Amino acid sequence: MTATTTAPQGYSATQIALHWAVAVLVAGQYIFKDAISGAWDAIRAGETYAFDPLILAHVAGGALILAFVVWRLVLQLRRGVPAAPENEPAPLKTLSHIAHWAFYAVLAAMAVTGSLAWFGDLTPAAQAHNVLKVVLLTFIALHVLAVPFHRLVLKNNMMRRMIRPSA
């Protein structure tokens, strides 16, 4: 697999769909996490817990997030991503590049640590999962705040690239 040599003008429809699918799945993971957290606490206390479809949804959601992240990385390596806006300062371009790769790494690590905790009954993995949760929330906040920064400060419409696909 070789990376593309010229940057595309925008993201493909598949890249955009994967971005938003992961965003929705991550939001769901945070919103509906109480069932799996309660089950984990019950297991730790040696108690039984009732089946809750939200537990299965959390596990399946984590697996889907991991699959979509891997798919997105494969597309990125094969197709490439659009270049940063011309008016973005070089240090911000570097920081953005690092942050995006860190985002992928944290999303993947969340899925792996969650799986190890749930299926392997590993408390250290659960602890790592909880730490990564805070890291991921921080990345999400910075990612969302980048939209008005690009629009209002840098005066470019970076967000359009994640809404409108290009060939």
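Up top you'll find the structure we're talking about.
Everything quoted here is computed from the prediction, not taken from an experiment.

> Sorry, what's going on with the packing of helix α4 (residues 90–120) against helix α5 (residues 123–153) here?
Angle between the axes and distance between the axes: these two values describe a pair of packed helices. In contact at an axis separation of 9 Å, α4 and α5 are set at 150 degrees when each is read in the N-to-C sense. As for how α4 packs across α5, the hand of that crossing is left-handed. Only Ala 125, Ala 126, Ala 128, His 129, Leu 132, Lys 133, Val 135, Leu 136, Phe 139, Ile 140, His 143 and Phe 149 of α5 make contact with α4, whose side of the interface consists of Leu 92, His 100, Ala 102, Phe 103, Val 106, Leu 107, Ala 109, Met 110, Thr 113, Gly 114, Leu 116 and Ala 117. Tallied by class, the residues present in the contact of α4 with α5 amount to 18 nonpolar, 5 polar and 1 charged.

> Whenever I open this one, a nonpolar patch on the surface confuses me. Can you help?
A contiguous nonpolar patch, built from Leu 92, Leu 95, Phe 149, Leu 152 and Val 153 and spanning about 460 Å² of accessible area, is present on the exposed surface. Contributing elements (two or more residues each) for the nonpolar patch: α4 and α5. Among the secondary structure elements, Val 153 is positioned in helix α5. Classification of Val 153 as exposed rests on a relative accessible area of 54%.

About the cut-offs
Residues numbered from 1 in each chain as written. Predicted model: local features only at pLDDT ≥ 70, side-chain atom pairs only at ≥ 80, totals over all residues. Heavy atoms only, no water. Axes fitted to C-alpha atoms, helices over the stretch in contact; angles between N-to-C directions. Helix = DSSP H or I, 4+ residues; strand = E, 2+ residues; numbered from the N terminus. Left-handed = near helix turned anticlockwise from the far one by under 90°. Contact = heavy atoms within 4.5 Å. Nonpolar A, V, L, I, M, F, W, Y, C, P; charged D, E, K, R; others polar. Patch = residues over 30% accessible without salt bridge, like charges linked within 9 Å, V, L, I, M, F, W, Y side chains within 5 Å. Areas by Shrake-Rupley, 256 points an atom, 1.4 Å probe, with all protein chains shown as cover. Salt bridge = Lys/Arg side-chain N within 4 Å of Asp/Glu carboxyl O. Buried < 20%, exposed > 50% of the residue type's maximum accessible area, 1.4 Å probe, protein only.

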